[in-house]
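Now for the letters of each chain:
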Amino acid sequence: MDSAFLITSFVTLFVIIDPIGLMPIFIAFTPGMTPQQRRAIAFRSCIIAFFILALFAFFGEAVLGFVGISMAAFKIAGGVLLFLTALDMLFERRQERREGRVTELPDPSVFPLAIPMIAGPGSIATVILLSGQIEGIQGPILVLGVALCVMLVAVLLFLAGSMLERALGEIGINVVTRLLGMLLAALSIQFILDGLKDFGFV
C-alpha cells in the first residue's frame, strides 16, 4: 500500500470538500435546532455524499470511456477545475457563493449539504482522478477509504462547529481556508502535469 498515495488522496479530498469552510455554513443551515437534530443532519448528509462519491469512484471512468473522454483529458480538465476552486478559496469567492445559497430549509441534509457542497463537481472529479491512478479495484477501494476518513472528520467538525467557530474566529477560518487554497492550487497543477505527461507533452 502506497502511503504517499493515501496521504495525497486525503489532503486532496479534504481540501476539496473543505469541512472547515463548510462548518459555518452547516451552522447557518441548522439555526435553532437541537443537538440531536443537528447530529442527524450531519450524519445523513455525509452518508449520502459518501455513496455518491462511491458511485463515481467505481463507475466514473467507465462513464468517461462511454462518452469518449480519455483519462488524460479528464486529469487536465479536473486539474483546471480544482485550480479554479483554489482561486475561489484564496480570494473568498467560494465562501461568498456558499453563503449566498443559504436559505431556510426544513432538512438541508440532501440539498444543499450532501449535493453539491460535499459531493460537488470538485470532489466527484477528484475521486475519479485518484481512483484511476491505481489499476484494478484497489484504486477505488483505497480512495473510498480515504473519503470515509474525510467524512468522519467532516461529521466531527459539524458536531463541534459552534465551539470551533468561536475558537478559531473569522480570522482563523480565513487563514486556514487560504492555506488550504494554496495547497489545492499546487495539487491541481500536478494533476494537469500528469495529464500532459499521459499525452506525451511532458
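That block above? That's the structure.
As a starting point, this report considers the structure included with it. On a predicted model such as this, the values are computed, not experimentally measured, just so you know. Here the residue numbers are simple positions, counted from 1 along each chain's written sequence. Given that this is a predicted model, residues contribute local features only at a pLDDT of at least 70 and side-chain atom pairs are listed and counted only at 80 or more, while totals for whole chains, interfaces and linings are drawn from all residues. By convention in this description, side-chain values take in all heavy atoms of the structure and omit both hydrogens and water.

Turning to the nonpolar core, a few remarks are in order. Only buried Ala, Val, Leu, Ile, Met, Phe, Trp, Tyr and Cys residues count toward a nonpolar core, and they belong to the same one when joined by side-chain atoms within 4.5 Å. When a residue's accessible area, from a 1.4 Å probe over protein chains only, is under 20% of the maximum for its type it is buried; when over 50% it is exposed; and in between it is partly exposed. By size, the foremost hydrophobic cluster in this structure holds 52 residues, and its most contacted members are Leu-13, Ile-17, Ile-118 and Met-151. Mapped onto this core, the elements with two or more residues apiece are helix 1 (3-17), helix 2 (19-29), helix 3 (35-66), helix 4 (71-90), helix 6 (109-118), helix 7 (121-131), helix 8 (138-159) and helix 9 (161-199). Not counting chain neighbours up to four residues away, the residues in contact with Met-151 comprise Ile-17, Cys-46, Ala-49, Phe-50, Leu-53 and Ile-118. Secondary structure elements follow DSSP: runs of H or I of four or more residues count as helices, runs of E of two or more count as strands, with numbering from the N terminus. Here a residue-residue contact requires only that any non-hydrogen atoms of the pair lie within 4.5 Å.

Let's shift gears to the side chain of Thr-12. Looking at the element boundaries, Thr-12 is found in helix 1. A relative accessible area of 0% means that Thr-12 is categorised as buried. Within the structure, the side chain of Thr-12 is placed 2.7 Å from the backbone oxygen of Thr-8, a separation counted as a polar contact. Excluding anything up to four places from it in sequence, Thr-12 contacts Thr-126, Leu-187 and Phe-191. Within 3.5 Å is the distance limit for a polar contact, defined as a pair of N or O atoms, with the added protein rule that one can donate a hydrogen and the other accept it, and that residues adjacent in sequence qualify only through two side-chain atoms.

The next subject is the environment of Leu-64. Relative to the helices and strands, Leu-64 is located in helix 3. When the C-alpha atoms of Leu-64 and Phe-74 are compared, they prove to be 8.3 Å apart, with ten residues separating the residues in sequence. Leave out the neighbours within four places in its chain, and Leu-64 touches Ile-69, Met-71, Phe-74 and Ile-128.

Turning next to a nonpolar patch on the surface. On the surface, Leu-55, Phe-56, Phe-58, Phe-59, Val-63, Ile-137 and Ile-141 cluster together to form a nonpolar patch covering roughly 670 Å² of accessible area. Residue placement: Ile-141 occurs in helix 8. For Ile-141, a relative accessible area of 47% puts it in the partly exposed group. A patch is a set of surface residues, each over 30% in relative accessible area and not in a salt bridge, joined within 9 Å for like charges and within 5 Å for the nonpolar side chains Val, Leu, Ile, Met, Phe, Trp and Tyr. Throughout, the Shrake-Rupley method with a 1.4 Å probe supplies accessible areas, and for residues the shown protein chains are the sole cover considered. The working definition used for a salt bridge is a side-chain nitrogen of Lys or Arg within 4 Å of a carboxyl oxygen of Asp or Glu.

Here we come to the packing of helix 1 against helix 7. Helix axes are fitted to C-alpha atoms over the stretch in contact, other axes to C-alpha atoms as well, and angles between N-to-C directions run from 0 to 180 degrees. Packing of helix 1 against helix 7 leaves a shortest axis separation of 9 Å and a crossing angle of 165°. Put simply, helix 1 runs roughly antiparallel to helix 7. Along this stretch, helix 1 crosses helix 7, giving a crossing that reads as right-handed. On helix 7, the residues that touch Phe-5, Ser-9, Thr-12, Leu-13, Ile-16 and Ile-17 of helix 1 are Gly-122, Ser-123, Thr-126, Val-127 and Leu-130. Gly counts as polar in this scheme, as do all residues outside two lists: the nonpolar Ala, Val, Leu, Ile, Met, Phe, Trp, Tyr, Cys and Pro, and the charged Asp, Glu, Lys and Arg. Considering only residue class, the contact of helix 1 with helix 7 consists of six nonpolar, five polar and no charged. For classification purposes, angles smaller than 35 degrees are called roughly parallel, those larger than 145 roughly antiparallel, those between 65 and 115 roughly perpendicular, and all remaining angles oblique. Each crossing gets its hand from how the near helix is turned against the far one by less than a right angle, where anticlockwise is left-handed and clockwise is right-handed.

Further remarks concern the packing of aromatic side chains. The criterion for an aromatic pair is that two Phe, Tyr or Trp rings (for Trp, the six-membered ring) have centres within 6.5 Å, with stacked assigned to planes under 30 degrees apart, edge-to-face to planes over 60 apart and tilted to the rest. With the rule as written, the count across this model stands at three aromatic pairs. Plain terms: the ring middles of Phe-26 and Phe-158 are 4.6 Å apart, the flat faces sit at 5° to each other, and that makes the pair stacked. In this pair, Phe-26 is assigned in helix 2 and Phe-158 in helix 8, connecting sequence segments 132 residues apart.

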